[in-house]
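Observations on the three-dimensional arrangement
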Amino acid sequence: MFKIYLIIVLYINILNAQKIDIKMLQDEFYNEVIKVDIYKKYFHSYLKKQCSTNDMICYIQHIKKLENWKSTKSNISLQNSLATRKRLTFIDNSYKIRLASRLNIYCKKDIFKDTQFVSVVDLNRQLFIVLLYVYDENTFYIIGSDLISSGNINREAEVKKGADHYLKTPSGIFEVTKGWRSDGKYNLDNITLAYGSKGRFIYYLGKQQTIRYNTFDKNGTKIYDKTKWKLIKDELNFAIHSHKSTAKMGTPYSHGCIRMSDELNYFLDNYLVLHRNFFKNHKWVLKYAQQPQHINNIDLLGKYIIVFDKI
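Residues numbered from 1 in each chain as written. Predicted model: local features only at pLDDT ≥ 70, side-chain atom pairs only at ≥ 80, totals over all residues. Heavy atoms only, no water.

Overall, the coordinates contain one disulfide when judged by the stated rule. One disulfide in the model links Cys 51 with Cys 58; its S-S distance is 2.1 Å. Between Cys 51 and Cys 58, the disulfide has an S-S torsion of -80° and is therefore left-handed. An identical accessibility class is assigned to Cys 51 and Cys 58; each is buried. (Disulfide = S-S within 2.5 Å. Buried < 20%, exposed > 50% of the residue type's maximum accessible area, 1.4 Å probe, protein only.)

All right, on to the layout of surface pockets then. There is about 1200 Å³ of room inside the largest pocket. Asp 37, Lys 40, Lys 41, Lys 244 and Glu 263 are, among the 36 residues lining the largest pocket, the residues nearest its centre. Sorting the residues of the lining of the largest pocket by element identifies helix H2 (22-42), helix H3 (44-50), helix H6 (76-89), strand E3 (139-147) and helix H8 (262-270) as the ones contributing at least two each. Per-element tally for the lining of the largest pocket: the top contributor is H2, with five residues. In the lining of the largest pocket, the residues fall into 12 nonpolar, 11 polar and 13 charged. Each pocket or cavity is described by its volume, and for the second largest pocket that value is around 530 Å³. What lines the second largest pocket is a set of 19 residues, among which Thr 89, Phe 90, Ile 143, Gly 144 and Ser 145 lie closest to the centre. Counting only elements with at least two residues in the lining of the second largest pocket, the list comes to H2, H6, helix H7 (93-108) and E3. The dominant element in the lining of the second largest pocket, judged by the number of residues it contributes, is H2, at six residues. Residue composition of the lining of the second largest pocket, grouped by class: eight nonpolar, five polar and six charged. (1 Å grid on protein atoms, 1.4 Å probe; cavity = no way out; pocket = protein on both sides within 12 Å on 5 of 7 lines; lining within 4 Å. Points joined across faces, edges and corners; volume = space filled by probe spheres on them. Helix = DSSP H or I, 4+ residues; strand = E, 2+ residues; numbered from the N terminus. Nonpolar A, V, L, I, M, F, W, Y, C, P; charged D, E, K, R; others polar.)

None of this, on its own, says anything about what the molecule does.
Here it is, written out as structure tokens:
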């Protein structure tokens, strides 16, 4: 009986809500996050020449033109990339039911007191899921999902004395209360943008307790025998941010933070998915960080990100 009730009340679906155009939000997510990200890689020079960095309308218009090119339709590599991303981010019905069951815990605690965006991360699938919780219906609607990259504690083998450690990305529910924008500076390799392009928003979730491997002995000598590594507690300055490098999304690789594409970051930023604490009376109040370039859906402001080890 409980399972049937759960499916009826909390079943996550893709149908339209009565007052909010869910389908439009879903289409915008796919076009602005998935399509733009992939088309930028294949038509980087063309799109860069046509559009300024943050002109999403321009990108979408030119991608529509590109889709009609014969060369685009016959580009097997591009089509495979789109198909692969769809496969890796696809959420089937059994997954939706499991996710609904997990989210029901927070509904029982009365954490979501009105209609709002809610973000979920599945560390097992390396997936970031944007949902809209409609309070009157007590229903979560999936808006879209994309690949991320979280902490990889096994990379501790690479750490030299004095360098940053690789920590496990902590799980639980977190509230975004601080943030700032990336300066867009490259690392020394002139390839890596550790925090994404200039202006991308960095969501800070505070100092969080987590674990990592200790790969040094009491004398500070590196231990290379993994069987002698020990898990220890440590503290992580936990954040969600953009990242550009040769490392692919969809695989754990970070020091513990959650990395995302510039495109996903842009969507979260301009659709106010995690900006609730930065607005008061519909006015941006966060000091030292400019407000989003476009302000969409201000009545749907969210602030929670829920991280699961596995769904």
